[in-house]
Amino acid sequence: MADPRDSLFEAPPMADQERMIEAILFATADPMTLAQLAGRMPHGCDPATALAYVRKRYEGRGVTLMRIGEAWAFRTAPDLGYLMQHEVVETRKLSRAAIETLAIIAYHQPATRAEIEEIRGVSVSRGTLDQLIELDWIRLGRRRMSPGRPVTFIVTSHFLDHFGLETARDLPGLKELRAAGLLENRPPPGTEEPDADDSQDDLFEE
Amino acid sequence: MADPRDSLFEAPPMADQERMIEAILFATADPMTLAQLAGRMPHGCDPATALAYVRKRYEGRGVTLMRIGEAWAFRTAPDLGYLMQHEVVETRKLSRAAIETLAIIAYHQPATRAEIEEIRGVSVSRGTLDQLIELDWIRLGRRRMSPGRPVTFIVTSHFLDHFGLETARDLPGLKELRAAGLLENRPPPGTEEPDADDSQDDLFEE
Amino acid sequence: MAQEPFDLGEASVAERVAAEALIVDVGAFEGPLDLLLTLSRTQKVDLRQVSILALARQYLAFVEQARSLRLELAADYLVMAAWLAFLKSRLLLPPDPTDDGPSGEELAAHLAFQLERLEAMRTVAARLMGRDQLRRDFFPRGITEDVARVRRVTYTASLLDLMQGYARIRTRDDFRPFVMDRENLMTMEEALDRLREMIGFAGDWTDIASYLPMDWQEDPVRRRTATAATFAASLELAKEGRIDIRQGDTFAPIHIRKRTPRDG
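Residues numbered from 1 in each chain as written. Chains lettered and ligands numbered in written order. Predicted model: local features only at pLDDT ≥ 70, side-chain atom pairs only at ≥ 80, totals over all residues. Heavy atoms only, no water.

By the naming in an unreviewed UniProt entry, chain C is Segregation and condensation protein A, taken from Loktanella salsilacus.

As named in an unreviewed UniProt entry, chain A is Condensin subunit ScpB, taken from Loktanella salsilacus.

Right, here's the structure in full:
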């Protein structure tokens, strides 16, 4: 069949675009961004609108369209997980240190190693961070514009995918923590006020 | 959540059974038979009926429920198969060897490989000629009536198209090249300036 | 909380149990802050209302007991103990107006903040891990289809590239114009024509040099090209089965003769 890119200058009807979204997203296990979808669909398509229709269509179904960061993927409805015992992939149990470190990065991102250590009150082992990076749950962010230009860590879209989060703003209890001032970078009394404008604000507030 | 198999003696509503079919067939790595589906679903379910409903629901969608032998699986609608191809177009600049070979053929056609090598002063790889033939910029001309009856190469009409020439005679001559500042060195003294058209006549006057 | 020095021989069962519990406990804590957080829970109040003074006393007593049991405490536990002792004195003594450092209350408030923050992080970490997780509670597509990546490479060149390419060749230092210098160049075709005519008369081995035309024998340049062309022509004739070629030794003269039918 001829490539529609060559022959069509008008976009296909929205119903067809919906079908394309279904086909493309059913074919992959990885979330796809709008740009990736647009790249696969014929010229003139509007994947954002088509996605909205598809999402509506699958609401309440056995598989649903989920937004993961900037990307989209079909996932089975969580309430049907019990049917999928065979597909469960046993994961190594994470240490308490790893879980807490992950949570600190998620809620404080971008977070430096020193900040993680300050919050937990103990040093963070290299292995803990390595393990989280290997799981593709955290990655390096921008360097902090402070003395020593330390590296920061942020969570990945894979992390969002794993925990079924649309964005990092949907982390459980995030609003309450912020309201309680517990996500502020509060330096110990008597120390210099650090440059705060580089902290997590940019990630959570658009 | 409790396993419904333990608690339910009445089958779940058909709508729920449909959702289960969707989720299972979406997530499993292999097509599933009715027996396998029944084994995964709570007691009292009727996978055959549920499957029929699901099949109807996906009729004409981007993915459809297909029967594969005795088993069932979601598959991309056949008419959307072209979406499963991602064409990446890469534009590369022609190598210097290819450009020079092409230029010699254009200015001296018909040219044998030995002639190209004599002019370039280095041997011409088979790959370079193949590449130019594949690009449809050169093709084989008549065999030269000389010992070994070597093949000759000439440029194609596709070549003329690409370079915006009506005939190969439109190629600027050496005088024009010099006027354009492209020929900076004068030829070694004692050599006559050849008229580039000379060697092309026999081809273009046919 | 003061205790008698620990002695294996005379220690009561209760003392030994207490000592073992402490060992276990120290190992179970992830540092002084974790220990403080655990101790603060015994106050059974909201972390915001926790008495830092009482907490400091508890911690110091804990460290004292560990020392009395001769347990090895990591350095950071002792650093924290020293800091809490300092904080305790600040909280108990009236503020010194000449000291412009942070007040005891400020330091205590920060410690309370740290404890509350750690507690909060633990709570949300548990909530995070309690969420539905991919491949445990919800699942991605099981049968994925490979997307064929069709790579199409297109090559481009402009007319300018072409002209520059040609100009580059034509301006090369060692450039010799093609099919030009005919006067001093004998082509193989010429030699071949000549040889074909002459070979019919040569039944015996003859030096190939004798086939060179007279006017190509003097000038070294002309002799060289004529020799090469004639030799190449002789190879061509040998290939056609018209002549035989022989050379007695390296650099010895090359002889050719007409091949007779019986040889073939």
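### Examining the interface of chain A and chain B
Contacts between the two partners involve 31 residues from chain A and, on the opposite side, 33 residues from chain B. Summing the contributions of chain A and of chain B, the shared interface buries around 2900 Å²; its carbon and sulfur component is 59%. Its largest share of buried area at the contact with chain B, chain A owes to Arg 19, Arg 61 and Tyr 82 of chain A, together 24% of the area lost on that side. At the boundary of chain A and chain B, one finds six salt bridges. Arg 19 of chain B is paired through a salt bridge with Asp 79 of chain A; the nearest N and O atoms lie 3.0 Å apart. Scanning the region where chain A abuts chain B turns up 13 residue pairs in polar contact (both at pLDDT 80 or more). Contributing elements (two or more residues each) for the side of chain A that touches chain B: α2 (14-26), α3 (34-40) and β3 (71-76) of chain A. Broken down by element, the side of chain A that touches chain B gets its largest block of residues, seven residues, from α2 of chain A. Among the residues making up the side of chain A that touches chain B, the classes are represented as 17 nonpolar, five polar and nine charged. (Contact = heavy atoms within 4.5 Å. Buried area = accessible area lost by both parts, 1.4 Å probe. Salt bridge = Lys/Arg side-chain N within 4 Å of Asp/Glu carboxyl O. Polar contact = N/O pair within 3.5 Å; in protein donor to acceptor, adjacent residues only side chain to side chain. Helix = DSSP H or I, 4+ residues; strand = E, 2+ residues; numbered from the N terminus. Nonpolar A, V, L, I, M, F, W, Y, C, P; charged D, E, K, R; others polar.)

### As for the environment of Glu 166 of chain A
Residues and elements named next belong to chain A. For Glu 166, the position within the fold is in the loop between α8 (157-162) and α9 (174-179). Beyond its immediate sequence surroundings of up to four residues, Glu 166 is in contact with Arg 55, Arg 67, Ile 68, Gly 69 and Leu 160. In terms of polar contacts, Glu 166 uses its side chain to reach the side chain of Arg 55, at 2.4 Å.

### Remarks on the pairing of strand β6 (residues 152-155) of chain A
On a regular strand, each side chain points to the face opposite its neighbour's, so the side chains alternate between the two faces of the sheet. Residues and elements named next belong to chain A. Residues Thr 152 and Ile 154 point to one face of β6 and Phe 153 and Val 155 to the other, with burial holding for every one of them. Where strand β4 (residues 111-112) meets β6, two bridges bridge the pair, whose relative direction is antiparallel. Note on β6: the bridge partner recorded for Ala 111 is Phe 153. Looking at chain direction, strand β5 (residues 138-140) and β6 are connected through three bridges and run antiparallel. In the strand pairing of β6, Leu 140 is matched with Phe 153. (Buried < 20%, exposed > 50% of the residue type's maximum accessible area, 1.4 Å probe, protein only. Pairing = 2+ DSSP bridges.)

### Overview of the interface of chain B and chain C
Contact with chain B, which involves 56 residues of that partner, is made by 43 residues of chain C. Taken together, the two surfaces of chain B and chain C that pack against each other cover about 4700 Å², and 63% of this comes from carbon and sulfur. Counting every contact that joins chain B to chain C gives two salt bridges. Note that Asp 161 of chain C and Lys 93 of chain B form a salt bridge whose closest N and O atoms lie 3.0 Å from each other. In this assembly, chain B and chain C are joined by 11 residue pairs in polar contact (both at pLDDT 80 or more). Those elements that place two or more of their residues in the side of chain B that touches chain C are α2 (14-27), β3 (71-76), β4 (85-93), α5 (96-108), α6 (113-120), α8 (157-162) and α9 (174-179) of chain B. Among the residues making up the side of chain B that touches chain C, the classes are represented as 31 nonpolar, 12 polar and 13 charged.

### Focus on the nonpolar core
The tendency in soluble globular proteins is for nonpolar side chains to be buried side by side. Judged by nonpolar contacts, the single largest core of 49 residues is most densely connected at Leu 25 of chain A together with Leu 25 of chain B. Counting residues per element, the ones that place at least two in this core are α2, α4 (47-57), β2 (63-68) and β3 of chain A together with α2, α4 (47-57), β2 (63-68) and β3 of chain B. With seven residues, α2 of chain B is the largest single contributor of residues to this core. What Leu 25 of chain B contacts, discounting residues up to four positions off in sequence, is Met 32, Leu 37, Leu 51, Leu 65, Trp 72 and Phe 74 of chain B together with Arg 141 of chain C. (Core = buried A, V, L, I, M, F, W, Y, C linked by side-chain atoms within 4.5 Å.)

### Things to note about the sheet that holds strand β4 (residues 254-258) of chain C
All names here are of chain C. Ordered in space as β2-β4-β3, the three strands form an open sheet in which the pairing is antiparallel. Strands at the two margins of the open sheet, each flanked by one partner only, are β2 (206-207) and β3 (243-247). By the bridge criterion, five bridges tie β3 to β4 in an arrangement that is antiparallel. By the bridge assignment for β4, Arg 246 is matched with His 255.

### Re the confidence of the model for chain A
Residues and elements named next belong to chain A. When the pLDDT values of chain A are averaged, the result is 87; 88% of them are 70 or greater. In the predicted structure, residues 1-8 sits below a pLDDT of 50 and forms eight contacts with residues beyond four places in sequence or in another chain. Long-range and interchain partners of residues 195-202, a stretch whose pLDDT sits below 50, account for 14 contacts in this model, where long-range means more than four residues apart. (pLDDT = per-residue confidence, 0-100.)

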